[in-house]
Amino acid sequence: MTEPDDTDFLTLGARRFRSRLLVGTGKYRDFAQTRAAIEASGAEIVTVAIRRINLGQNPDEPNLLDYLPPERFTLLPNTAGCYTAEEAVRTLRLARELLDGHTLVKLEVLGDAETLYPNMPETLKAAERLVTEGFEVMVYCSDDPIQAQLLEEMGCVAIMPLASLIGSGMGILNPWNLRLILERIRVPVIVDAGVGTASDAAIAMELGCDGVLTNTAIAQARDPIRMARAMRLAVESGREAWRAGRMPRKFYSADPSSPLTGVIGRPTP
Amino acid sequence: MSAEIPPTLTCRVNGELLSLPAGTTLADLLRERGWAGKRVAVERNGEIVPRSLYAQTAIAEGDAIEVVVAVGGG
């Protein structure tokens, strides 16, 4: 058995990563659990949201970044909650200042609060602006190959189509669209949103996706730390299976694995 | 008039109306709130204020200031 080789990196803009699992930091019980789950997931890239500091906040209240030091993890600030290009761009400018000039970001511009489906016209507008301003944009988008191509042409460093609605855990609902995207897009394609359990992550990787981003599936599992480990293994397994190249499907044509000859009690041919 | 009321200014911080002594800088505001030295970013009237300029940025009447932090998210 060979180990996964050392040359299989996920390249995002100027950075290289060994782990192909990206995880969110929302919905955990506390920061200690957040950190423990992220350790178990093996993720190197973790998403964070940017929010107003609470005016009444106790100054001694712990901060997420105390548990996720930027020296140890690549923090990926997102624009969750933004519904216009303008809000998203403002949020990421603040994020860049907050993280000392960090430029790798996750852009998401939402369409409505019920579906959290991306608003693609606003997403495209924001992506163009951010690329011009020197951001390395990883972009949450619909699983539409044409939109994906437009975003790649603009210079986004990763295309991140949804597999199903954010937080739904419904898994990979349209593998055929993901395949269309994978056939056309040269930058990494990372499934973002909808992964519910380990097999969903493995399926995404077996399709040829370059990575998986998940938050709720880990944070809302009964045992988040164990699910984080399951996701790590699933992403690694799916990646290895894709690299190994699966056998062709042969419908209506069974083919035994054991020899056809030498069965006891038969005349020899 | 001897008992002069010190002049104040009104601004919005994270959407809330605040009354501050005139001449308050961003550095003063952050210190007074206990946010000095924390990982925050500040926007004033839609423009980012680099950390290095907090001490020399005086808050003006009517300013809209946003102070943000990183929180858990997906």
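All values derive from a computational prediction rather than experimental measurement.

Cut-offs applied
Residues numbered from 1 in each chain as written. Chains lettered and ligands numbered in written order. Predicted model: local features only at pLDDT ≥ 70, side-chain atom pairs only at ≥ 80, totals over all residues. Heavy atoms only, no water. Helix = DSSP H or I, 4+ residues; strand = E, 2+ residues; numbered from the N terminus. Buried < 20%, exposed > 50% of the residue type's maximum accessible area, 1.4 Å probe, protein only. Contact = heavy atoms within 4.5 Å. Areas by Shrake-Rupley, 256 points an atom, 1.4 Å probe, with all protein chains shown as cover. Lys, Arg positive; Asp, Glu negative; His and termini not counted. Charge placed at Lys NZ, Arg CZ, Asp CG, Glu CD. 1 Å grid on protein atoms, 1.4 Å probe; cavity = no way out; pocket = protein on both sides within 12 Å on 5 of 7 lines; lining within 4 Å. Points joined across faces, edges and corners; volume = space filled by probe spheres on them. Nonpolar A, V, L, I, M, F, W, Y, C, P; charged D, E, K, R; others polar. Buried area = accessible area lost by both parts, 1.4 Å probe. Salt bridge = Lys/Arg side-chain N within 4 Å of Asp/Glu carboxyl O. Polar contact = N/O pair within 3.5 Å; in protein donor to acceptor, adjacent residues only side chain to side chain.

Student: Any chance you could break down the overall build of chain B for me, citing the residues and the numbers?
Tutor: Tallying secondary structure elements over chain B gives one helix and five strands in all. Dimensions along the principal axes, computed over C-alpha positions, put chain B at roughly 60 × 20 × 20 Å. Classification of the 74 residues of chain B by burial places 39% in the buried group. Counting only contacts in chain B whose residues sit at least 6 apart along the sequence, the fraction spanning at least 24 positions is 51%. For chain B, the accessible surface area stands at approximately 3900 Å², while carbon and sulfur atoms represent 54% of it. Each charge class in chain B can be summarised by its mean position, and for the 7 positive and 9 negative side chains these summaries are 10 Å apart.

Student: Tell me about the layout of surface pockets, and please be specific about residues and values.
Tutor: Looking at the largest pocket, its volume works out to about 610 Å³. Considering the residues around the largest pocket, the lining is formed by 20 residues, among which R179, E206, L207, G208 and W242 of chain A are closest to the centre. Those elements that place two or more of their residues in the lining of the largest pocket are helix 6 (175–184), helix 7 (198–206) and helix 9 (224–244) of chain A. Among the elements that take part in the lining of the largest pocket, helix 6 of chain A stands out by supplying five residues, more than any other. Classifying every residue of the lining of the largest pocket gives 11 nonpolar, two polar and seven charged. If you add up the space inside the second largest pocket, you get close to 380 Å³. Lining of the second largest pocket is provided by 24 residues; of these, I166, G167, N215 and T216 of chain A together with G74 of chain B occupy positions nearest its centre. Of all the secondary-structure elements, those providing two or more residues to the lining of the second largest pocket are strand 10 (211–214) and helix 8 (216–219) of chain A.

Student: Could you give an account of the interface of chain A and chain B, with specific residues and numbers?
Tutor: Facing 29 residues of chain A, the contacting portion of chain B comprises 27 residues. A buried area of about 2600 Å², summed over both sides, lies between chain A and chain B, and 56% of it is on carbon and sulfur atoms. Looking at the side of chain A facing chain B, the largest losses of area belong to I53, L55 and L98 of chain A, adding up to 29% of the total buried there. The tally of links from chain A across to chain B stands at four salt bridges. Summed over the shared surface of chain A and chain B, the number is 17 residue pairs in polar contact (both at pLDDT 80 or more). Among the secondary structure elements, those contributing two or more residues to the side of chain A that touches chain B are strand 4 (45–52), helix 2 (64–67) and helix 3 (85–98) of chain A. Ranked by residues supplied to the side of chain A that touches chain B, first place goes to strand 4 of chain A with six residues.

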